[in-house]
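# Observations on chain architecture
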Amino acid sequence: MFSIYQLKSRFQALLRPYVNSLYYSRITANQVTLAACAGSILVALVVGFFADHQWLFLLIPIWMFIRMALNAIDGMLAREFRQKSNLGAYLNEICDVISDCALLLIFTQINQVNTNLMISVILLSFLTEYAGVLGVMIGSSRRYDGPMGKSDRALAFSLISLGIATYLLPLEWLNVLLWLIAFLLLITVINRVRKGLQEAKNNKE
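Residues numbered from 1 in each chain as written. Predicted model: local features only at pLDDT ≥ 70, side-chain atom pairs only at ≥ 80, totals over all residues. Heavy atoms only, no water.

## Some words on the nonpolar core
The biggest cluster of nonpolar side chains holds 34 residues, and the ones touching the most others in it are F57, F107, M118, F157 and I164. Looking at this core, the elements that each hand over two or more residues are α2 (29-49), α3 (59-80), α4 (86-105), α5 (115-137), α6 (150-165) and α7 (174-204). In terms of residues, this core owes the most to one element, α6, which gives six residues. Setting aside anything within four residues of it in sequence, one finds I164 in contact with Q54, F57, F107, I110, L169, L171 and L174. V32, A72, I73 and L77 belong to the second-largest nonpolar core, a separate cluster that totals 12 residues. (Core = buried A, V, L, I, M, F, W, Y, C linked by side-chain atoms within 4.5 Å. Buried < 20%, exposed > 50% of the residue type's maximum accessible area, 1.4 Å probe, protein only. Helix = DSSP H or I, 4+ residues; strand = E, 2+ residues; numbered from the N terminus. Contact = heavy atoms within 4.5 Å.)

What follows is the structure, given as structure tokens:
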């Protein structure tokens, strides 16, 4: 099933000059990971506190793109410049979950949004990443299957935020979109578990 994640290699090629510059500036992969997390929390606080000013939601798609670039950069620094570490693996997964939770919690500040539904989307988002990581424990790879992985969520909520900021998306439609995202998240969890089990089985054969 298609996922934005499949475009990662092309995106990385565009970022390679910046990765090289960061390396020669002695910036490490872990520092980039922490910076992305701190930036997500900062954006969440700013937009969340002033959610009544809808135009501020424009910050979310801008930051989502920057965060996606930073996530790609930290991985490239780790792989291509021998900066992989156990601490880095922990930081990568934990910071991603913290960033997702912070950015998605912003939407609970919109009066028209069903808070319980939004929290369910956040929990399902966490579950997709947990299901992906669990693949490693059974002899599979870290699963990134869609249709609603991290990159797909970033795109979905960027488009929603853009619609809010430009007043083109009626706020009454948000709950319908959240139900659709929740369904796709559930499919994603199933896909990651199913494909993780299949990969582990194939590895044993």
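Still to come is the rest of the account.
## Structural notes on the packing of α3 against α4
The interhelical angle for the contact between α3 and α4, taken along N-to-C directions, is 175°, at an axis separation of 12 Å. The pairing of α3 with α4 is recorded here as roughly antiparallel in orientation. Every residue of α4 that contacts α3 at W63, M64, R67, N71 and D74 is listed here: N92, D96, S99, D100 and L103. Grouping the constituent residues of the contact of α3 with α4 by class yields three nonpolar, three polar and four charged. (Axes fitted to C-alpha atoms, helices over the stretch in contact; angles between N-to-C directions. Parallel < 35°, antiparallel > 145°, perpendicular 65-115°, else oblique. Nonpolar A, V, L, I, M, F, W, Y, C, P; charged D, E, K, R; others polar.)

## Concerning the pattern of salt bridges
The tally for this structure, following the rule as stated, stands at 12 salt bridges. A salt bridge links E129 to R192; its shortest N-O distance comes to 3.5 Å. Of this pair, E129 sits in helix α5 while R192 sits in helix α7, and the two are 63 residues apart along the sequence. Accessibility classification places E129 together with R192 in one group, the buried group. Where K195 meets D145, a salt bridge forms, and the shortest distance between an N and an O atom there is 3.9 Å. Taken together, the residues span a long stretch of sequence, with K195 in helix α7 and D145 in the loop between α5 and α6 at a distance of 50 residues. Judged by its relative accessible area of 26%, K195 falls in the partly exposed class. (Salt bridge = Lys/Arg side-chain N within 4 Å of Asp/Glu carboxyl O.)

## Some thoughts on unusual backbone geometry
Residues G146 and P147 are joined by a peptide bond in cis, for which omega reads 15°. Relative to the assigned elements, P147 resides in the loop between α5 and α6. In this model, R26 sits at a positive phi of 65°, which is unusual for a non-glycine residue. As for its position among the elements, R26 is in the loop between α1 (8-24) and α2. For R26, a relative accessible area of 73% corresponds to the exposed category. In this structure, Y167 takes a positive phi of about 65° despite not being glycine. Along the chain, Y167 falls in the loop between α6 and α7.

## Comments concerning a nonpolar patch on the surface
A cluster of nonpolar side chains, I41, L42, L45, V46, F49, F50, L59, Y90, I94 and I98, forms an exposed patch at the surface whose accessible area comes to about 980 Å². Of all the secondary-structure elements, those providing two or more residues to the nonpolar patch are α2 and α4. Of the residues forming the nonpolar patch, the biggest block, five residues, is contributed by α2. When you line up the elements, I98 lands in helix α4. Overall, I98 belongs to the partly exposed group, its relative accessible area being 37%. (Patch = residues over 30% accessible without salt bridge, like charges linked within 9 Å, V, L, I, M, F, W, Y side chains within 5 Å. Areas by Shrake-Rupley, 256 points an atom, 1.4 Å probe, with all protein chains shown as cover.)

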